[in-house]
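Here is how the chains run, residue by residue.
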Amino acid sequence: MEPITLCGLVIVMFGFWVELEPAIMRAVRRVRSCRLFTAIMTQPTEPVRAYTSKMPICLARSSHW
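Attention here is on the structure that accompanies the text. (Residues numbered from 1 in each chain as written. Predicted model: local features only at pLDDT ≥ 70, side-chain atom pairs only at ≥ 80, totals over all residues. Heavy atoms only, no water.)

1. Digging into the overall build of the chain
Here's step 1: Along the chain, the regular secondary structure elements total 3 helices and 0 strands.
Here's step 2: Listing every helix and strand of the chain by position from the N terminus yields α-α-α.
Here's step 3: Taken over 65 residues, the chain has a buried fraction of 0%.
Here's step 4: As displayed, the chain offers around 6900 Å² of accessible surface, 68% of which is attributable to carbon and sulfur atoms. (Helix = DSSP H or I, 4+ residues; strand = E, 2+ residues; numbered from the N terminus. Buried < 20%, exposed > 50% of the residue type's maximum accessible area, 1.4 Å probe, protein only. Areas by Shrake-Rupley, 256 points an atom, 1.4 Å probe, with all protein chains shown as cover.)

2. Description of a nonpolar patch on the surface
Here's step 1: On the surface, Leu6, Leu9, Val12, Met13, Phe14, Phe16, Trp17, Val18, Leu20, Ile24, Met25 and Val28 cluster together to form a nonpolar patch covering roughly 1100 Å² of accessible area.
Here's step 2: Among the structural elements, Trp17 can be located in helix H1 (residues 3-33). (Patch = residues over 30% accessible without salt bridge, like charges linked within 9 Å, V, L, I, M, F, W, Y side chains within 5 Å. Salt bridge = Lys/Arg side-chain N within 4 Å of Asp/Glu carboxyl O.)

Okay, here's the thing in structure tokens:
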């Protein structure tokens, strides 16, 4: 693309952002305040523990001979 076209595209995109920013931010605030979003984004209070049993020695060795 030509540089003048790119500059025009940047100006138009900036104009769209200025005009649509309040609506976009309202939508973002509405999504963030949704119970489902907060339930998904919050960390559990206690971390889930991994399986901590020891592996049998015969399975841990790379070679059985």
